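Letter by letter, the chains look like this.
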Amino acid sequence: MSAQPEPVSIPPHQPRLLVMKFGGTLMGSSRAIRHSASLVKRSTVLGTLVVVVVSAMTGVTNGLLKLADAAEAGDIAFANDEIAIMRNRHFTAAQELGAAPDSETVREIREMHETLRQAVYGVYLLRELTPRSRDLIVSFGERLSAPLMALALAQDGLKSHHLTGGQAGILTDSHFGNAKPLPTTYTRVKDRLDGLLGAGMTPVVAGFMGETVKGAISTLGRGGTDFTATIVGAALHADEVWTWKDVDGFMSADPRSVPRARTIVQLSYGEVMELAYFGAKVLHPLAVTPLQDHGIPLRVKSAADPDFAGTLVVADAVTLPGQSVKAVTAIKGVSIITVSGAGILGVPEVVADLFNTLARENITLLMVSQSSSMSNVSLAVQSASAERTVAALRTPLAGRQLQVDIQEGVAVLAIVGAGMRGTKGVAARLFGALATEDINILMISQGSSELNISVAIEEKDVDSATREVHGAFGLDGDVPA
Ligand SMILES: Nc1ncnc2c1ncn2[C@@H]1O[C@H](COP(=O)(O)OP(=O)(O)O)[C@@H](O)[C@H]1O
Ligand SMILES: N[C@@H](CC(=O)OP(=O)(O)O)C(=O)O
């Protein structure tokens, strides 16, 4: 009889199960993918089970959206050229990750590009790009990067198996472009991934997507791979979900515009949702929601410095004494739509109609303000949805004497932190900092949770405003600007 292997002893603090998410930057080239795979291996060698969730190679999602639009507009030559460039990029990465020309992975990548080409040709023939076909086309980014990660893991000696979001069990509603997981998702994901983990595999899930009950591919909204990772984390009751980044964690501002930004040690789920909603690109706004019920921690970790703890996101995050604000964040590319005129005066149903219409159209309102005389309502929306918003408002406004004005070139700046709850003088300090920079405030709003205060300002001022506000709340680090 052969000798039984020694049982693996796991040190007491070693996580049993981690979900690790790698975004577009960390999947951007064979070199980046190899490094990402090495971060997985660091944990698996210690006996931790890891489920990997990947995004498309950086730039691919935007490229797919652009070529889909081109096909709808009749420019099939441009669309085909873009597909060829993408195909080359994926083949090169596969080859650099050791795939032989006749390997299963290369065959799979070739087939996927062919299906993509056919889908895009269908859009061109019909001159129609529905949300459903856009989701199918854009999903190829993640579907093509998952086998690349599997190759890199194999090179590191790990057995792995890659799956689409639907194959991993993620079932969604039919809100193509912004789908939400159905409740059955969690048991389905558990059933499917437990089997693979039990067989000693490291599953690689293509992020950003699920599928509807009819089997159509749906996407979870831009940045949705974070959401995939937390759905999987919640389904498997993982010890933690780690999102690896090219930054040192969640920082007190976007380090690209504020060089003095520092890593935030801890954030609550609520603080993260506010930050993500107000433009901190680090996480999808809904990403922490699946983790909240089970209290599963999320860590934002630096791929360049894996021993650094990064930012821990938990229910009861610490707030240091005197730390009213933890971060400053901004959304650029905003428009303010103002509805005004006598027709709105004293007619509350008009306002109710406006909001109902916008909710039906799935338009996200970044800020809302209504004058107390009720003679005007201002709505801040992403400029990309401004036209759609104005078109949607036509019906509730029809036949009333109302004027609609649009102001473009706006940004929304927000300060976020649980410590501002009940702290006096926070708004005064914010407005003081903006006044120092001679910045005009177009709209103001404070969330009733007192977790944030947001202001709309002209976009040209937003970077200097962010730096000034960051300093005013004592967030500047030691790094010279
Ligand atoms: N508060 C913030 N903390 C850290 N990074 C931020 C913040 N706000 C914006 N960012 C930007 O988000 C980027 C990381 O997001 P993204 O590139 O979407 O990551 P991924 O490719 O992993 O999805 C960073 O490079 C950084 O410039
Ligand atoms: N690729 C998708 C999903 C995603 O989450 O990407 P990333 O992790 O690179 O932000 C997007 O660009 O929206």
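None of the values given here were measured: they were computed from a predicted structure.

Rules used throughout
Residues numbered from 1 in each chain as written. Chains lettered and ligands numbered in written order. Predicted model: local features only at pLDDT ≥ 70, side-chain atom pairs only at ≥ 80, totals over all residues. Heavy atoms only, no water. Near = heavy atom within 4 Å. Polar contact = N/O pair within 3.5 Å; in protein donor to acceptor, adjacent residues only side chain to side chain. Areas by Shrake-Rupley, 256 points an atom, 1.4 Å probe, with all protein chains shown as cover. Nonpolar A, V, L, I, M, F, W, Y, C, P; charged D, E, K, R; others polar. Domains from an automatic or database assignment. 1 Å grid on protein atoms, 1.4 Å probe; cavity = no way out; pocket = protein on both sides within 12 Å on 5 of 7 lines; lining within 4 Å. Points joined across faces, edges and corners; volume = space filled by probe spheres on them. Helix = DSSP H or I, 4+ residues; strand = E, 2+ residues; numbered from the N terminus. Buried < 20%, exposed > 50% of the residue type's maximum accessible area, 1.4 Å probe, protein only. Contact = heavy atoms within 4.5 Å. Pairing = 2+ DSSP bridges.

Here we come to the site of ligand 2. Taken together, K21, G23, G24, S55, T61, E142, F208, R222, G223, G224 and T225 are the residues near ligand 2. Between K21 and ligand 2, the recorded distance is 2.8 Å, taken from a side-chain N or O atom to an oxygen atom. A distance of 2.8 Å separates an oxygen atom of ligand 2 from a polar backbone atom of G24. In isolation ligand 2 offers 340 Å² of accessible surface; the protein chains occlude 84% of this area. A breakdown of the residues in the shell around ligand 2 according to their chemical character gives one nonpolar, seven polar and three charged.

Once that is clear, we can look at the domain arrangement of the protein. We note that the domain assignment places domain 1 (17-246) and domain 2 (327-472) within the protein. Taking the mean C-alpha position of each, domain 1 and domain 2 sit 35 Å from one another.

Of the pockets and cavities examined, the second largest pocket occupies roughly 320 Å³. Along the wall of the second largest pocket there are 17 residues; nearest its centre are R262, T263, L320, Q323 and L475. Class assignment for the residues of the lining of the second largest pocket results in seven nonpolar, seven polar and three charged.

Moving on, we get to the side chain of T202. As for its placement among the helices and strands, T202 is situated in strand β4 (residues 202-206). When its relative accessible area of 6% is taken as the criterion, T202 is described as buried. The residues contacting T202, other than those within four sequence positions of it, are V40, V50, V52, L153, L158, K159, S160 and H161.

A few words on the pairing of strand β11 (residues 327-340). Taken across its 14 residues, β11 has eleven buried, putting it largely inside the fold. Examined bridge by bridge, β11 and strand β14 (residues 403-416) share eleven bridges and lie antiparallel to one another. Each residue of the ladder has a partner; that of T338, found in β14, is D405. Examined bridge by bridge, β11 and strand β13 (residues 376-382) share seven bridges and lie antiparallel to one another. Looking across to β13, one finds that S340 is bridged to N376.

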